[in-house]
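This is what each chain is made of:
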Amino acid sequence: MINDFKPTVSAVSSAVEKVNADALVLGVAKGPEGPILLPNPLADKAARGVADSLKALGASGAADQLLRLPGVDGFKSETLVLIGVGPLTGEPDGGVSWEALRRAAGSAVRQLSAASSVALALPAATLEQVSAIAEGAALGAYSFPHFKGSEEARAKTPVREIAVLTELKEKHTKPAVERASVIASAVRATRDLVNTPPSHLYPESFADIVKDQAKAAKVKVKVWDEDQLKKEGFGGLLGVGGGSSRGPRLVRVEHSPAKPIAHVALVGKGITFDSGGLSLKPASAMTTMKLDMAGAATVAAVVKAAAELNLPIKVTGWLCLAENMPSSTAQRPEDVITIYGGKTVEVLNTDAEGRLVLADGIVAASEEHPDAIIDVATLTGAQMIALGTRTVGVMGQEDLREDLVEASEDAGESHWGMPIPEEARSSFDSEVADLTNLGDRFGGMLNAAAFLREFVGERPDADPKALDPESKRIPWAHMDIAGPAFNEKAPYGYTPKGGTGVSVRTLITYLEGLRRA
């Protein structure tokens, strides 16, 4: 069940006393000598009553701290709200970063979910600040009540109307606000898919949702059903999905402008539920395994956003969808499967399944000779051991890896470049097949990337005499989002509990960067 809720976000250049909103939000930062009220010229009158009383009110400026105060006389807003922005960092434009503003706006809107309308009087003197505030607020306006039992609970929505107070005129702010809304919609769509239970989201229904969403964005969609996968030899998807009564699907989504300046292929892991197969997970390890399709959800949302933003980049998304279940038809340890394109894999652990479906997708994507291939996957528990639950690991060709990490910094997400050790490939050697699906336990995130790299195709202009295989390969990167894709703890900033939509903003920012390159 996909959420059709979309908040209205606007930039308003009227003085705050003229803005009709349920809550007016002011920002408080942690200064060197105590809390500091952040400036917004349009809210000066409202700020005068609290600027000298921050300590007495208990305001610290700590991120996510929210204080509600009675509305100020002469203003339409019923509630005056102070939101913590975090410490001053010496950044230009007021001493706080764009990401700090993004998180503060999102936190305020998230915590004010009972309000129908919110006006944000955070520092908004530049387009970048306006964009960050609008984006964060739209990201914070999220809930997923669809499976609640009562109609009243299902009918509840987050903040519907969001106004960003700025002295900049609408003709200047409108493109930034529209971009922020598109990006937030893409993140919300990803969260919705990740949060949908496996009883309702499985390969066929996932493909149907993508087809429905593509109509509005003029995105082309092609779906391979089980029979077509068998006919064309997609052994990874068929092997992983063979144990389920709900067969696998491969979905190709495409944004294709008239004169693209580049072609980027995105490949997403879409395991709609991962039991581990015959290599069964412990019961406690299955409770969040509806998240294992976050990579495919990310890819679908990014392609749609690229179309809505009219990016001059051809973007093809490959969604590798399967349900990994144990049954009499499931693949077994020591089975040998043939990946699309002909390479064989000895399956030593059926719970190392994501790399098998991704291999099919990477080979298929390579056949179109894109300028770059990026795969996105909740691939390894080793990612969380290495980088925790908020930082994505990025591996692959050096230039592409660095570009993605740089894009993540611009987008306000945490991605970290990681190596693929030279010796990693040898741990997948098999006596009976081209390779196994199980490498060394230590460095598991890096080793999984080495496995995937084996399926990346060659560039059509590659020198056949070149000795270095890396120079022949299509530029490729692997993004392991295993931990950051799902927040099991308390919400923070613009991030809710459950699906987060991580890497959507990074990939959109990366694609936008190609336009400027």
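Residues numbered from 1 in each chain as written. Predicted model: local features only at pLDDT ≥ 70, side-chain atom pairs only at ≥ 80, totals over all residues. Heavy atoms only, no water.

To continue, consider the overall build of the chain. The number of helices and strands found in the chain is 17 helices and 20 strands. The C-alpha extent of the chain, read off along each of the three principal axes, is 80 × 55 × 45 Å. Going through the 517 residues of the chain one by one, you find that 58% of them count as buried. Within the chain, contacts between residues at least 6 apart in sequence are counted, and of these 75% link residues at least 24 apart. For the chain, the exposed area adds up to about 21400 Å²; of that, 50% sits on carbon and sulfur atoms. (Helix = DSSP H or I, 4+ residues; strand = E, 2+ residues; numbered from the N terminus. Buried < 20%, exposed > 50% of the residue type's maximum accessible area, 1.4 Å probe, protein only. Contact = heavy atoms within 4.5 Å. Areas by Shrake-Rupley, 256 points an atom, 1.4 Å probe, with all protein chains shown as cover.)

Summarizing the sequence annotation, UniProt attributes the feature "binding site: Mn(2+) 2" (unreviewed entry) to Lys269, Asp274, Asp292 and Glu353 in the numbering used throughout. These annotated residues cover 85 residues of sequence, but their C-alpha atoms sit close together, with the largest distance between any two at 11.5 Å. Here Asp292 shows up in the loop between helix 10 (283–286) and helix 11 (294–308). Once residues within four sequence positions are removed from consideration, Asp292 is found in contact with Lys269, Gly270, Ile271, Asp274, Glu353 and Thr378. Only 2.9 Å separates the side chain of Asp292 from the side chain of Lys269, close enough to count as a polar contact. (UniProt positions renumbered as here; feature names shortened; annotations may be inferred. Polar contact = N/O pair within 3.5 Å; in protein donor to acceptor, adjacent residues only side chain to side chain.)

One number sums up the size of the second largest pocket: a volume of about 480 Å³. Along the walls of the second largest pocket sit 21 residues, with Glu128, Ser131, Arg179, Asp410 and Glu512 positioned nearest its centre. The set of elements that each furnish at least two residues to the lining of the second largest pocket consists of helix 3 (98–111), helix 4 (127–140), helix 6 (170–195), helix 14 (398–411) and helix 17 (504–516). Considering only residue class, the lining of the second largest pocket consists of nine nonpolar, three polar and nine charged. (1 Å grid on protein atoms, 1.4 Å probe; cavity = no way out; pocket = protein on both sides within 12 Å on 5 of 7 lines; lining within 4 Å. Points joined across faces, edges and corners; volume = space filled by probe spheres on them. Nonpolar A, V, L, I, M, F, W, Y, C, P; charged D, E, K, R; others polar.)

Turning our eyes to something else, we now look at the sheet that holds strand 13 (residues 344–347). Backbone-to-backbone hydrogen bonds join strands into a sheet, with any given pair of strands oriented parallel or antiparallel. Taken together, three strands build an open sheet; the order of strands is 12-13-17 and the sheet is mixed. Both outer strands of the open sheet, strand 12 (335–338) and strand 17 (435–436), are each paired with one neighbouring strand and no more. Here strand 12 pairs with strand 13 via four bridges, running antiparallel. Across the sheet, residue Val336 finds its bridge partner in strand 13, namely Glu346. (Pairing = 2+ DSSP bridges.)

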